[in-house]
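Residues per chain are reported as follows:
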Amino acid sequence: MQQNRIRVGIGYDAHQLVRDRKLILGGVHIPFEKGLLGHSDADVLLHAIGDAILGAAGRGDIGKHFPDTNPEYKDISSLLILKQIKTIVGDASARIDWIDAVIIAQRPKMMPFIDQMKRNIAAALDISETLINLKATTTEGMGFAGREEGIAAEAVITMSF
C-alpha cells in the first residue's frame with residue numbers, strides 16, 4: 001500500500017521598485033507610483049509560490065523552467081507561469097495541501113488586495129481559497145523594502161504525493 005508522502009517547499013523572490021512599471025502582486029494591479037522591474041511582470045508573490053511548489057515537487061526553480069533569457073516570457077503574466085507550474089508538477093500526482101505566504105513591502109498597503117490575490121492564486125492552481133493564507137508586513141523602514149527600493153515575498157507550501 002502506497003502511503004502519502006508530504007513534502008515542504010519554500011520560495012523567495014525580490015524585485016526592485018522602479019518608475020514606469022505597473023505594480024502586480026498576486027495577479028492584481030495595485031495602484032502605486034512604482035512597479036517591480038523584471039523580465040516577466042515581476043510578481044514576487046507568485047514567483048515565491050511557484051518556486052515553493054517546484055521545490056516541494058523536486059522540479060528545480062522558476063529560472064530553470066522560465067529563464068529570463070527567453071523572449072517568450074518577456075512581460076508574461078505570472079498567473080500564466082503559475083498555471084504552467086501546476087502542469088509541470090501535475091504529472092507527479094501532487095496535491096497542494098497548504099500555501100502560506102508573506103509580502104514584504106513598506107508601501108503600499110496590501111490588505112485591500114489580499115482577497116483578490118487569494119482568488120487569483122486559487123484559480124491558477126485549481127485549489128480552494130481555504131488552502132491559501134496570505135499576509136503582508138513592513139520592515140519598519142529597515143533594508144531595501146523599508147527604503148522602498150524593492151518588494152519581496154516568501155512562501156511555504158506543503159504538498160502530498
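Source: prediction; values computed, not measured. (Residues numbered from 1 in each chain as written. Predicted model: local features only at pLDDT ≥ 70, side-chain atom pairs only at ≥ 80, totals over all residues. Heavy atoms only, no water.)

### A word on the side chain of Q106
Moving on, step 1. Looking at the element boundaries, Q106 is found in the loop between strand 5 (95-104) and helix 4 (114-125).
Moving on, step 2. Polar contacts involving the side chain of Q106 include one to the main-chain amide nitrogen of G141, which spans 3.0 Å.
Moving on, step 3. Here Q106 is in contact with T138, T139, E140, G141, A145, G146 and E148, once residues within four sequence places are set aside. (Helix = DSSP H or I, 4+ residues; strand = E, 2+ residues; numbered from the N terminus. Polar contact = N/O pair within 3.5 Å; in protein donor to acceptor, adjacent residues only side chain to side chain. Contact = heavy atoms within 4.5 Å.)

### Some remarks on the pairing of strand 6 (residues 132-137)
Moving on, step 1. Where strand 5 meets strand 6, 6 bridges bridge the pair, whose relative direction is parallel. When the sheet's bridge partners are listed, D100 is paired in strand 6 with N133.
Moving on, step 2. What joins strand 5 to strand 6 is helix 4, and the crossover it makes is right-handed. (Pairing = 2+ DSSP bridges. Right-handed = clockwise from strand over helix to strand, strands pointing away.)

### A closer look at the layout of surface pockets
Moving on, step 1. As a volume, the largest pocket reaches approximately 270 Å³.
Moving on, step 2. Classifying every residue of the lining of the largest pocket by side-chain character gives 6 nonpolar, 5 polar and 3 charged.
Moving on, step 3. Taken as a whole, the second largest pocket encloses approximately 160 Å³ of empty space.
Moving on, step 4. Every residue along the wall of the second largest pocket is listed here: A105, Q106, P108, K109, M110, M111, I114, L134, K135, A136, T137 and T138.
Moving on, step 5. In terms of residue class, the lining of the second largest pocket is built from 7 nonpolar, 3 polar and 2 charged. (1 Å grid on protein atoms, 1.4 Å probe; cavity = no way out; pocket = protein on both sides within 12 Å on 5 of 7 lines; lining within 4 Å. Points joined across faces, edges and corners; volume = space filled by probe spheres on them. Nonpolar A, V, L, I, M, F, W, Y, C, P; charged D, E, K, R; others polar.)

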